[in-house]
Amino acid sequence: MAKVLTSNRLADGAVVFLNPQGDWTTDVLSAHLLEGNEEIKKAEAAGRDAIGRNHVVDACLIDAELREGSVYLTRFRERIRAEGPTILFGSAVLKKKAA
């Protein structure tokens, strides 16, 4: 199964993903879908480097696949991390009630 390297940005706690250029992005659709041991090893090294430079914390590989041309995180937990809560709360509830 393909993997994606994810972490949290140390500056603000945002969920981030390693993209094909080796940068961190909050856009899961821009994540690098890692296939094969060599790609995975390179991504893990980039994660260790970013941790060492205090850019991210606890980088880890998560299961993903390509669906309809887009990166799809296979575990529901990871989709929630990437996309946010599955329910309305806070100001979103107030906006819905006002509509």
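Here's a quick rundown of the structure. (Residues numbered from 1 in each chain as written. Predicted model: local features only at pLDDT ≥ 70, side-chain atom pairs only at ≥ 80, totals over all residues. Heavy atoms only, no water.)

**A look at unusual backbone geometry**
(1) Moving on: Residues other than glycine seldom take positive phi values, yet N54 does so here, at roughly 60°.
(2) Moving on: Position of N54 among the secondary structure elements: in the loop between α1 (37-52) and β4 (56-67).
(3) Moving on: You will see that D58, though not glycine, has its phi angle at about 50°, which is positive.
(4) Moving on: Assignment of secondary structure puts D58 in strand β4. (Helix = DSSP H or I, 4+ residues; strand = E, 2+ residues; numbered from the N terminus.)

**Details of the sheet that holds strand β1 (residues 2-9)**
(1) Moving on: Pairing is antiparallel across the open sheet formed by five strands, whose spatial order is β3-β2-β1-β4-β5. The open sheet terminates on both sides in strands that have one partner only, identified here as β3 (24-25) and β5 (70-73).
(2) Moving on: Here β1 pairs with β4 via seven bridges, running antiparallel. Within the sheet, the bridge partner assigned to N8 lies in β4 and is V57.
(3) Moving on: Lying on the sheet, α1 is in contact with β1, β2 (15-18), β3 and β4; it crosses β4 at an angle near 150°. (Pairing = 2+ DSSP bridges. Contact = heavy atoms within 4.5 Å. Axes fitted to C-alpha atoms, helices over the stretch in contact; angles between N-to-C directions.)

The quantities given are spatial measurements derived from coordinates; they are silent on function.
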